[in-house]
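Descriptive structure summary
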Amino acid sequence: MADRLIYLDNNATSQVDEKVFESMLPYLKEEYANPSSMYGFAKRSSDAVKEARVKVRDFFNASNEKEIIFTSCGSEGDNMAIRGVLDMDKSKRHIITTKVEHPAVLNVYKYLEKQGYKTDYINVNSNGELDLEQLSSAITDDTALVSVMYANNETGVINPIQKISEIIKSKNKNTKFFVDAVQAAGKIPIDVQSLGVDMMAVSGHKFHAPKGVGALYVNSKTILTPLIIGGHQERGKRAGTENVPYIVGIGTACERATDNLKYEMTEVKRLRDKLEDGILKSVFNARLNTGVANRVPNTTNIGFEYVEGELILLHLSDLGICASSGSACTSGSLEPSHVLRAMNVPFTAIHGSIRFSLSKYTTDSDIDYVLSVVPGVIEKIRNLSPYQEELAELKRRKNL
Ligand code: PLP
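Throughout, residues of each chain are indexed from 1 in the direction in which the sequence is written. Local features are withheld for residues below a pLDDT of 70 in this predicted model, meaning they are given only at 70 or higher, and side-chain atom pairs are given and counted only at 80 or more; totals for whole chains, interfaces and linings count all residues. As a rule here, side-chain values cover all heavy atoms of the structure and leave hydrogens and water aside.

Things to note about the overall build of the protein
- The number of helices and strands found in the protein is 13 helices and 15 strands.
- We compute the radius of gyration over the C-alpha atoms and compare it with the globule rule, which gives 2.2 Å times the number of residues raised to the power 0.38. For 400 residues, the compact-globule formula gives about 21 Å, and the C-alpha radius of gyration of the protein, at 22 Å, lands near that figure.
- Overall, the C-alpha framework of the protein stretches about 75 × 55 × 40 Å when taken along its three principal axes.
- Categorising residues by exposure relies on relative accessible area from a 1.4 Å probe, with only protein chains included: less than 20% of the type maximum marks a residue as buried, more than 50% marks it as exposed, and the intermediate range marks it as partly exposed. With 400 residues in all, the protein has 56% of them scored as buried.
- Contacts are assigned to residue pairs with any non-hydrogen atoms lying within 4.5 Å of each other. Taking the contacts inside the protein whose residues are at least 6 apart along the sequence as the reference set, 74% of them involve residues at least 24 apart.
- For the protein, the computed accessible surface area is about 17,500 Å², with 52% contributed by carbon and sulfur atoms.
- His residues and chain termini do not enter the charge count, which takes Lys and Arg as positive and Asp and Glu as negative. All charge positions are set by atom: Lys at NZ, Arg at CZ, Asp at CG, Glu at CD. Between the centroid of the 48 positive side chains of the protein and the centroid of its 50 negative side chains there is a distance of 3 Å. In this text, helices come from DSSP runs of H or I with a minimum length of four residues, and strands from runs of E with a minimum of two, each type numbered from the N-terminal end. For the area figures, the Shrake-Rupley method with a 1.4 Å probe applies, and any residue is considered shielded solely by the protein chains shown.

Structure (structure tokens):
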């Protein structure tokens, strides 16, 4: 096993920021009161929740902190928004989403399909960009909800949310618009008012808060049926005693993310581009799966032709490098990811596609190390590939 750890899987989860951790500590120890209790001791906890709610409001640029609901994760926010808004008004039966959403949205749509909803799944092109014309023509008077992710978790491709909102409102002003912003938070600016969205979900652990806390923005014109029914917490929208330390943590993470945004969009992007350019230059027949698409600054998805992604990951893991592939090992067969399939990534590259996702903790020396080992890893695996003839032909064509 390597004695170093190069963590390039920040779209899976991220390291907790030290300041986030410190801000949580008092509420894990001495400040343990239930924020709903009446005594002064509890007021300190309820004040901390209030303060965090203001920080999250500012992060979303929401107009009012009453529009923020604390959740346990991104999946909960996705479920609460989609199911909650449809449950409130069952008169319309048509819903739209994209083919490349996270399962936390796609599987909710599959569930709703079984409940009798008519669904449309919008295509993306080979760069992962959404077909806006198809989206526009899919919206009808019966469309209750459109759900589009802000940035894709596997490719980092950013959807033009403001434009999509305009399209939706011009076709049917009663259609609600939900945005899963789990992979956008902390990477690009978020402004729910200028984007024109009705609901937006984020997840703390993707931007340096711990796992187990998220937030959902719901504008004041949108009413949801709660998923969790019980006490009056979160103004009756999500029952359950507030997770005070984690709520404080996501509040701090929001503040830190705003402060760090410029760094993310310049330095993290520089390191991502260095990694990407370095790999594309040093490994023959490696392709950038997203082409020229607009992406979040921390993500790259590279297809290594004629190699199995899982083998690459195992070799990288032995060298102390954490990355990820879009494949899911289902029933013994390695299924390529639904995102890369929707993009029609060629079969020669789809199985060998790797996502590297950086963060503010990634350094130049991390990237130098990865660039020093990746070509050798790919060469080693290709030497064992059953596609020797194809590889030799490709090398001949490239005069290698
Ligand atoms: N949505 C997107 C785009 C994601 O990438 C993820 C997690 O990877 C989720 C939702 C689910 O978030 P969580 O793991 O916090 O439930």
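Anyway, onward from the coordinates.
Things to note about the packing of helix H1 (residues 18-28) against helix H8 (residues 244-282)
- Orientation is described by axes fitted as lines to C-alpha atoms, over the contacting stretch for helices, and by angles from 0 to 180 degrees between their N-to-C directions. Look at H1 against H8: their axes get within 8 Å of each other, and the N-to-C directions meet at 155°. As far as their axial angle goes, H8 and H1 are roughly antiparallel. The chirality of how H1 crosses H8 is right-handed. Across the interface between the two elements, Lys19, Val20, Ser23, Met24, Tyr27 and Leu28 from H1 touch Val244, Pro245, Tyr246, Val248, Gly249, Thr252, Ala253 and Arg256 from H8.
- When residues are grouped by polarity, Ala, Val, Leu, Ile, Met, Phe, Trp, Tyr, Cys and Pro land in nonpolar, Asp, Glu, Lys and Arg in charged, and all others, Gly among them, in polar. Among the residues forming the contact of H1 with H8, the class breakdown is nine nonpolar, three polar and two charged. In these notes the angle categories are as follows: under 35 degrees is roughly parallel, over 145 is roughly antiparallel, 65 to 115 is roughly perpendicular, and the rest is oblique. In this scheme the crossing of two helices becomes right-handed for a clockwise turn of the near helix relative to the far one and left-handed for an anticlockwise turn of less than a right angle.

Focus: the pattern of salt bridges
- Whenever a carboxyl oxygen of Asp or Glu lies within 4 Å of a side-chain nitrogen of Lys or Arg, that contact is scored as a salt bridge. Overall, the coordinates contain 26 salt bridges when judged by the stated rule.
- Between Lys274 and Asp368 there is a salt bridge whose closest N-O contact spans 2.9 Å. Of the two residues, Lys274 sits in helix H8 while Asp368 sits in helix H12 (residues 364-383), which places them 94 residues apart along the sequence.
- Note on Lys274: relative accessible area 26%, which makes it partly exposed.
- When the shortest N-O distance is used, the salt bridge between Glu393 and Arg397 registers 3.3 Å. On the criterion of helical spacing, the pair formed by Glu393 and Arg397 is a turn pair, its members being four residues apart in helix H13 (residues 388-397).
- Overlapping salt bridges, with partners in common, bring together Glu267, Arg270, Lys274, Asp364 and Asp368 in one network.

Remarks on the site of the ligand
- The rule for a residue being near a molecule or strand is that one of its heavy atoms must lie within 4 Å of it. Close contacts around the ligand come from 13 residues, with Ser75, Asp180, Gln183, Ser203 and Lys206 the closest.
- Within 3.5 Å is the distance limit for a polar contact, defined as a pair of N or O atoms, with the added protein rule that one can donate a hydrogen and the other accept it, and that residues adjacent in sequence qualify only through two side-chain atoms. Side-chain polar atom of Ser203 to an oxygen atom of the ligand: 2.6 Å apart, as the coordinates give it.
- Side-chain polar atom of His205 to an oxygen atom of the ligand: 3.1 Å apart, as the coordinates give it.
- Computed on the free molecule, the ligand has an accessible area of 390 Å², of which 88% lies beneath the protein chains in the complex.
- If you tally residues by element for the shell around the ligand, the top one is helix H3 (residues 74-88), at three residues.

A look at the state of the cysteines
- By disulfide we mean two sulfur atoms from cysteines, separated by a distance within 2.5 Å. On inspection of all chains with the given rule, the structure shows zero disulfides.
- Counting only cysteine sulfurs, Cys73 is the nearest neighbor of Cys254, a cysteine outside any disulfide, at a range of 16 Å.

Comments concerning the sheet that holds strand E2 (residues 68-71)
- When DSSP locates at least two bridges between a pair of strands, those strands are taken to pair. Spatially, seven strands are ordered E2-E8-E7-E6-E5-E3-E4 in an open sheet, and the strand pairing comes out mixed. Looking at which strands have only one partner, the edges of the open sheet turn out to be E2 and strand E4 (118-122). Averaged over all neighbouring strand pairs, the angle between strand axes comes to 15°, with direction disregarded.
- Pairing between E2 and strand E8 (residues 214-218): four bridges, direction antiparallel. If you follow Thr71 over to E8, its bridge partner there is Gly214.
- Helix H4 (residues 103-114) rests against strand E3 (94-98), E4, strand E5 (143-149) and strand E6 (176-180) of the sheet, and its axis sits at about 155° to E3.

Digging into the nonpolar core
- Buried Ala, Val, Leu, Ile, Met, Phe, Trp, Tyr and Cys residues form a nonpolar core when they are joined through side-chain atoms within 4.5 Å. Among the nonpolar cores identified, the biggest contains 63 residues, and Phe60, Tyr150 and Met200 are the most heavily contacted of them.
- A total of seven residues in this core trace back to one element, the largest contributor, which is H8.
- In terms of domain composition, this core takes at least three residues from each of domain 1 (6-13 + 261-397) and domain 2 (18-257).
- Aside from chain neighbours lying at most four places away, what touches Met200 is Phe60, Tyr150, Phe178, Val179, Ala181, Ile190, Val192, Leu195, Ala215, Leu216 and Tyr217. Residue ranges for the domains originate in an automatic or database domain assignment.

Section: the side chain of Asp9
- Inspection of the secondary structure assignment puts Asp9 in the loop between strand E1 (6-7) and H1.
- Within the local environment of Asp9, its side chain forms a polar contact with the side chain of Arg355, the two groups lying 3.0 Å apart.
- When residues no more than four places from it in sequence are discounted, the contact partners of Asp9 are Cys322, Ala323, Ser324, Arg355 and Ser357.

Quick notes on the pairing of E6
- Burial within E6 is extensive, with five of its five residues counted as buried.
- Burial of the side chains of E6 extends over both faces: Lys176, Phe178 and Asp180 are buried on one face and Phe177 and Val179 on the other.
- The pairing of E5 with E6 spans five bridges and is classified as parallel. Residue pairing across strands places Met149 opposite Asp180, the latter belonging to E6.
- When the strands point away from the viewer, a crossover counts as right-handed if the path from the first strand over the helix to the second runs clockwise. At this point the chain moves from E5, through helix H6 (residues 161-171), to the parallel E6, and the crossover so formed is right-handed.
- Relative to strand E7 (residues 199-203), E6 is paired through three bridges, and the arrangement is parallel. By the bridge assignment for E7, Val179 is matched with Met200.

Side note on the pairing of E8
- Burial runs high along E8: five of the five residues are buried.
- Across the two faces of E8 the burial is the same, with Gly214, Leu216 and Val218 and Ala215 and Tyr217 all buried.
- Across five bridges, the pairing between E7 and E8 is antiparallel. Bridging across to E8, Met200 finds its partner in Tyr217.

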